[in-house]
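Residues per chain, in single letters:
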Amino acid sequence: FTRAAELGNADAHYRLSLLYHNGKGIEKDGGKEMYHLKEAAIGGHPEARYGLGIGEWNNGNTERAVKHWIIAATQGDDDSIKELLEIFKEGFVSKDDLAAALRAHQAAVDSAKSPQREAAEEYRRKMKKKKSSK
């Protein structure tokens, strides 16, 4: 993943952040974890953006968390939508911001749909079902 991250691959940065977080195969390193998480988010990785939101929320930076989750939601991240819906109930996100995030999320999800993706998802479900029946 290191070489791909050096070349700017957002998914590689995200995967490296997970490795540094979990300490799998390498020593845990919070600084490197955050560096790669930020690089992945900047590169457009929605799960990385969601992760930054979690970090900001846990550090008490609610406004920054909301911004990260809105960005991730507009990229189609379901977990960010769930967080936004939850914190809307607590008054941390406005009705207008939530509505805009929901519309953008749906547009992102719709744009990712294709017959090939749906066939691949159906195949994955069948294989999972077949595996669990053994």
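Residues numbered from 1 in each chain as written. Predicted model: local features only at pLDDT ≥ 70, side-chain atom pairs only at ≥ 80, totals over all residues. Heavy atoms only, no water.

With that out of the way, let us pick up the packing of helix H4 (residues 46-58) against helix H6 (residues 78-89). Where H4 meets H6, the closest approach of the two axes is 10 Å, and the angle between their N-to-C directions is 35°. Helix-helix and strand crossings are classified by hand; for H4 and H6 the assignment is left-handed. Contact residues: Tyr50, Ile54 and Trp57 in H4; Asp79, Ser80, Glu83 and Ile87 in H6. Taken together, the residues of the contact of H4 with H6 break down into four nonpolar, one polar and two charged. (Axes fitted to C-alpha atoms, helices over the stretch in contact; angles between N-to-C directions. Helix = DSSP H or I, 4+ residues; strand = E, 2+ residues; numbered from the N terminus. Left-handed = near helix turned anticlockwise from the far one by under 90°. Contact = heavy atoms within 4.5 Å. Nonpolar A, V, L, I, M, F, W, Y, C, P; charged D, E, K, R; others polar.)

On to the nonpolar core, then. Listed in full, the 12 residues of the largest apolar core are Tyr50, Ala65, Val66, Trp69, Ala72, Ala73, Ile81, Leu84, Ile87, Val93, Leu98 and Ala101. Breaking this core down by element, the ones donating at least two residues are helix H5 (62-74), H6 and helix H7 (95-111). Top contributing element to this core by residue count: H5, with five residues. What tyrosine 50 contacts, discounting residues up to four positions off in sequence, is Trp69, Ala72, Asp77, Asp79, Ser80 and Glu83. Counting residues in hydrophobic clusters, the runner-up holds six residues, among them Leu37, Ala40, Ala41 and Leu52. (Core = buried A, V, L, I, M, F, W, Y, C linked by side-chain atoms within 4.5 Å. Buried < 20%, exposed > 50% of the residue type's maximum accessible area, 1.4 Å probe, protein only.)

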